[in-house]
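Per-entry structural report
Here is how the chains run, residue by residue.
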Amino acid sequence: MANKRIIVVGAGGRMGRMLIETIHQTEGATLVGAIEREGSPLLGQDSGLLANTGPNGVNITDDPLPLFAAADAVIDFTTPASTTHYAALAAQARIVHVVGTTGMGSDDLTKLEAAARHAVIVRSGNMSLGVNLLAALVKRVAKTLGEDFDIEILEMHHKMKVDAPSGTALLLGEAAAAGREIVLDDAHSVRVRDGHTGVREPGTIGFAALRGGTVVGDHSVIFAGPSERITLSHVAENREIFARGAVRAALWGHGKKPGLYSMMDVLNLGDI
């Protein structure tokens, strides 16, 4: 069976370079395109040299159209504006679009849903196996414990991260909300506490974000009940876990019907 032809967008960033390295190491996957923004100083450079895998002949470009026309999948850890643009291109090309971009708003998600009518889009706030297994467990625990237990989600990331709560924290919050059969909206989520806040509203899901140093990603979901607490945690030690999950999603999506999928689908965790 022929290798799946994969494009990496944002190829010059930390995740982009990790993805190039992971594709190089993955059986059944071949890098056929590496894209950066217009005007990037990396344009024209060999992406393999950039990712320290040795020259691969795939040079960094800012022209996605010919690449999308000849690819099976694109992996995207960029910005909301870039992601919606690439989703439209993936829909035109009828290829798999793996989205690890965080900080997307409702308008961005609406555009992804529209693109998913023609493309296989796999979107997740976190691509790692461990985090998605954690989310499945959070859903089950939230369903089992009910509102006698308050739910708090604590996350920490490196000082360069620009959005909060993290996409992973929101993924875990959505899992907890699903377990309680509610929607994670303003009525059920608390993002900020400052000053005289009053008592905690029953049934809400709280978030706290810490930033500093070079932390890849720490997440804990705390279920605080009468006289006892349950804490479920995940610690990311290297971005490689996200890259491996994203490449796995790209390979999984090939041949699937167009639609909007998650890593829970890729890992078959929906029945946990």
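Placed above this text is the structure.
This section reports on the structure supplied with the text. (Residues numbered from 1 in each chain as written. Predicted model: local features only at pLDDT ≥ 70, side-chain atom pairs only at ≥ 80, totals over all residues. Heavy atoms only, no water.)

What follows covers the sheet that holds strand S1 (residues 4-9). Strands sit in the order S3-S2-S1-S4-S5-S6-S12 across an open sheet of seven strands; the sheet is parallel. The open sheet has two edge strands with one neighbour each: strand S3 (60-61) and strand S12 (259-261). Taken together, the three bridges between strand S6 (residues 120-123) and S12 define a ladder with parallel strand orientation. By the bridge assignment, Val-122 is partnered in S12 with Tyr-261. The strands that helix H4 (residues 80-93) touches are S1, strand S2 (29-35), strand S4 (73-76), strand S5 (96-99) and S6; relative to S5, the one it contacts most, it runs at about 165 degrees. (Pairing = 2+ DSSP bridges. Helix = DSSP H or I, 4+ residues; strand = E, 2+ residues; numbered from the N terminus. Contact = heavy atoms within 4.5 Å. Axes fitted to C-alpha atoms, helices over the stretch in contact; angles between N-to-C directions.)

On to the pattern of salt bridges. Tallied over the entire structure, the rule returns eight salt bridges. Measuring nitrogen to oxygen at the nearest pair gives 2.8 Å for the salt bridge that ties Arg-193 to Glu-152. Of this pair, Arg-193 sits in the loop between strand S8 (189-190) and strand S9 (205-211) while Glu-152 sits in strand S7 (residues 150-157), placing them 41 residues apart in sequence. For Arg-193, a relative accessible area of 45% puts it in the partly exposed group. Measuring nitrogen to oxygen at the nearest pair gives 2.7 Å for the salt bridge that ties Glu-155 to Arg-211. With a gap of 56 residues between them, Glu-155 in strand S7 and Arg-211 in strand S9 connect regions that are remote in the sequence. Three or more residues are tied together by salt bridges with common partners; here these are Asp-150, Glu-152, Arg-193 and Arg-200. (Salt bridge = Lys/Arg side-chain N within 4 Å of Asp/Glu carboxyl O. Buried < 20%, exposed > 50% of the residue type's maximum accessible area, 1.4 Å probe, protein only.)

So, about the packing of aromatic side chains. Counted according to the given criterion, the structure contains two aromatic pairs. Seen in terms of ring centroids, Phe-68 and Tyr-86 are 6.1 Å apart; in terms of plane orientation they differ by 15 degrees. Their pairing is stacked. Taken together, the residues Phe-68 in helix H3 (residues 65-69) and Tyr-86 in helix H4 connect sequence positions 18 residues apart. Taking the relative accessible area as the measure of exposure, Phe-68 reaches 2% and is therefore buried. With relative accessibility at 10%, the residue Tyr-86 sits in the buried group. Between Trp-252 and Tyr-261, the ring centres sit 5.2 Å apart and the planes meet at 80 degrees, which makes this aromatic pair edge-to-face. (Phe/Tyr/Trp six-rings, centres within 6.5 Å; stacked < 30°, edge-to-face > 60°.)

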